[in-house]
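Coordinate inspection notes
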Amino acid sequence: MADYIPQTFKSNDTIIQGDVSASSPSNIALVKYWGKMENQIPANPSISYTLSQCRTHTTLHFRPKRTKDLRFKSSVIFEGKENETFNKKIHTFFSKIAEFCPYLYTLQFEIHTENTFPHSSGIASSASGMSALALCLVELEKEMGANYSEEEKLKRASFLARLGSGSASRSVYNGLILWGKHPKIDYSSNLIAQPLQSEIHPIFKKFNDTILIVHKGQKTVSSTQGHDLMHHHAYAQRRFEQAFENITKLQTILQSGDLKAFGELVESEALTLHAMMMTSIPYFILMQPNTLEVLHKVWDFRKKEAVDLYFTLDAGANVHLLYPEKDTTIVHEFIQNDLATYCEDGFYIHDQILF
Ligand code: DP6
């Protein structure tokens, strides 16, 4: 399939006041997106699992703007309080998508948004947040007369969400999601994410992700800054090639049901992501001492028990533990008895992947 380029939306101007709501989960990448070009084009394709419990709920109230100018008018109410920082982020997002959504200049918005996970938990909220907002905008377009099929609606939401935050493009869909052009996957696209269309072994369709909140605070280096540092990075080219290779390998693994190979690839991807951070100039480390404690505990546990428990990391100190449904009881016991102590305030979240 050719890259999907949504048309600029043309309103019939019949509905100009109302509200729309959407909810979207966070996601965790198995093959990581780290490095991008202009217009949010990823340097390599990525594959992620979409979560189910860690979500953002957003309601968008809209009505005609009183003044006719090219300024966006909105306010953001985050968890009940007006939030100017988020409002600025949303204006930046609006400026990137306005050429596709001209009604952003003629309407004014009140955006009510909240997360099911604590804001300070260090869980990336940009993926779920931008995805929920993009889904709201597409709903709003439907109210204004757009006649999208469900598939077109999700493609357009993914296209718009990507321009807010790359990983948000994947949160529009449940399951295993691919974003980024890969020469061997004809439907793949840099502009939108889509569910992986290759066959998936049933073992990977009932999967858990427990997020261990090792560190709740703000990250010292944002993802956007981290992506930027890949531009003049000594190892960037080889890393991008490796990610392309890992996409092909992961597809085969997901078909075969080979959990061990899955774990090896996913853990290597996580450590490579952090290796890229440590070898950037300026270099930085987002892992905390307790992140490493957890990784060693997981490796020790795997040596002792015949359990398919693997970790991955996002751009932070928290650890995502991935394991199939069959190992839920033993892994939950292990987390409670041996890992909770490395979590800030003993805090962790059990989540699942839904298909
Ligand atoms: C490490 O999507 O947060 O989580 O596009 O600048 O908003 P921006 O970056 P973002 O980067 C996510 C990086 C990652 C890996 C991944 O999700 O693939």
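Shown above is the structure to which this text applies.
Here is a short report on the structure shown in this document. (Residues numbered from 1 in each chain as written. Predicted model: local features only at pLDDT ≥ 70, side-chain atom pairs only at ≥ 80, totals over all residues. Heavy atoms only, no water.)

**Examining helix 8 (residues 328–339)**
Among all positions in helix 8, only Thr-328, Val-331, Phe-334, Ile-335 and Leu-339 are buried. Down the axis of helix 8, the sector holding all buried residues measures 130°, keeping them to one side. Exposed side of helix 8, more than 90 degrees from the buried face: Thr-329, Gln-336 and Asn-337 are the residues found there. Where helix 8 is buried, its residues meet strand 10 (207–212), helix 7 (289–304), strand 12 (319–324) and strand 13 (348–352). (Buried < 20%, exposed > 50% of the residue type's maximum accessible area, 1.4 Å probe, protein only. Helix = DSSP H or I, 4+ residues; strand = E, 2+ residues; numbered from the N terminus. Arc of directions from axis to C-beta. Contact = heavy atoms within 4.5 Å.)

**A look at the packing of aromatic side chains**
Remark: the centre distance and the inter-plane angle together describe each pair of aromatic rings, the angle taken between the planes. On inspection of all chains with the given rule, the structure shows 13 aromatic pairs. Measuring from centroid to centroid gives 4.9 Å for Phe-100 and Phe-159, while their planes differ by 90°, and the two rings are edge-to-face. Residue Phe-100 is located in the loop between helix 1 (84–97) and strand 7 (107–115), and its partner Phe-159 is located in helix 3 (residues 150–164); the two are separated by 59 residues in the primary sequence. Neither Phe-100 nor Phe-159 differs from the other in exposure class; each is buried. Where Phe-204 meets Phe-262, the ring centres are 4.9 Å apart and the plane angle is 40°; that geometry is what we call tilted. Placement of the pair is Phe-204 in the loop between strand 9 (193–195) and strand 10 and Phe-262 in helix 6 (residues 259–278), with a sequence separation of 58 residues. Taken together, the aromatic side chains of Phe-72, Phe-93, Phe-94, Tyr-105 and Phe-109 make up a single cluster linked through ring pairs. (Phe/Tyr/Trp six-rings, centres within 6.5 Å; stacked < 30°, edge-to-face > 60°.)

**Considerations on the site of the ligand**
Near the ligand you find 16 residues, and of these Tyr-33, Ser-165, Gly-166, Ser-167 and Arg-170 are the closest. Here Ser-165 contributes a side-chain N or O atom positioned 2.7 Å from an oxygen atom of the ligand. In this structure, an oxygen atom belonging to the ligand sits 2.7 Å away from a side-chain N or O atom of Ser-167. Across the complex, the protein chains shield 91% of the 450 Å² of accessible surface that the ligand would expose by itself. Counting residues per element, the shell around the ligand draws most heavily on helix 4 (residues 223–228), at three residues. In terms of residue class, the shell around the ligand is built from five nonpolar, eight polar and three charged. (Near = heavy atom within 4 Å. Polar contact = N/O pair within 3.5 Å; in protein donor to acceptor, adjacent residues only side chain to side chain. Areas by Shrake-Rupley, 256 points an atom, 1.4 Å probe, with all protein chains shown as cover. Nonpolar A, V, L, I, M, F, W, Y, C, P; charged D, E, K, R; others polar.)

**A short note on helix 6**
Taking 1.5 Å as the rise per residue, helix 6 with 20 residues should run 28 Å; its terminal C-alpha atoms sit 29 Å apart, in good agreement. Between a side-chain oxygen at the N-terminus of helix 6 and the backbone nitrogen of Lys-260 the separation is 3.3 Å; the capping residue is Asp-258. (Expected span 1.5 Å × (residues − 1).)

**Thoughts on the side chain of Ser-169**
Residue position: Ser-169 is located in the loop between helix 3 and strand 8 (176–179). Setting aside residues no more than four positions away along its own chain, Ser-169 makes contact with Ser-158, Ala-161, Arg-162, Trp-179 and Ala-193.

**Details of unusual backbone geometry**
Cis geometry is adopted by the peptide bond preceding Pro-282, which originates at Ile-281 and carries an omega value of -5°. Counting through the fold element by element, Pro-282 comes out in the loop between helix 6 and helix 7. The phi angle at Glu-79 is positive, at roughly 45°, despite the residue not being glycine. Structurally, Glu-79 is set in the loop between strand 5 (73–78) and strand 6 (81–82). Of note in this structure, Asp-345 is not a glycine but carries a positive phi near 55°. Using a relative accessible area of 65% as the deciding quantity, one classes Asp-345 as exposed.

**Some words on the pairing of strand 4 (residues 46–64)**
Judged from the twelve bridges that link them, strand 1 (residues 18–31) and strand 4 form a sheet pairing that is antiparallel. Along strand 4, the bridge assignment pairs Asn-27 with Thr-50. Sheet topology places strand 4 next to strand 8; four bridges connect them, and they run antiparallel. Bridged to Ile-47 within strand 8 is Leu-178. (Pairing = 2+ DSSP bridges.)

**Here's the deal with the pattern of salt bridges**
Pairing between side chains of opposite charge can happen when the charged atoms of each approach one another. This model, assessed by the stated rule, comprises 14 salt bridges. Residue Asp-69 pairs with Lys-65 through a salt bridge whose shortest N-O separation is 2.7 Å. On the accessibility criterion, Asp-69 (26% relative accessible area) is partly exposed. What makes Lys-65 buried here is its relative accessible area of 8%. Across the pair Arg-239 and Glu-269 runs a salt bridge whose closest N-O atoms are separated by 2.8 Å. Of the two residues, Arg-239 is situated in helix 5 (residues 236–256) and Glu-269 in helix 6; the sequence distance between them amounts to 30 residues. (Salt bridge = Lys/Arg side-chain N within 4 Å of Asp/Glu carboxyl O.)

**Points about the sheet that holds strand 11 (residues 310–313)**
The strand order 11-12-10-13 describes an open sheet built from four strands, whose pairing is antiparallel. Lying at the two open borders of the sheet, with one neighbouring strand each, are strand 11 and strand 13. Neighbouring strand axes in the sheet, compared pairwise and without regard to direction, differ in orientation by 25° on average. Two elements, strand 10 and strand 12, share six bridges in a ladder whose sense is antiparallel. Bridge assignment links Ile-211 to a residue of strand 12, and that residue is His-320. Of the strands in this sheet, strand 10, strand 11 and strand 12 touch helix 6, which is tilted by about 25° from strand 11. The sheet strands contacting helix 7 are strand 10, strand 11 and strand 12, and the helix crosses strand 11 at an angle near 160°. (Axes fitted to C-alpha atoms, helices over the stretch in contact; angles between N-to-C directions.)

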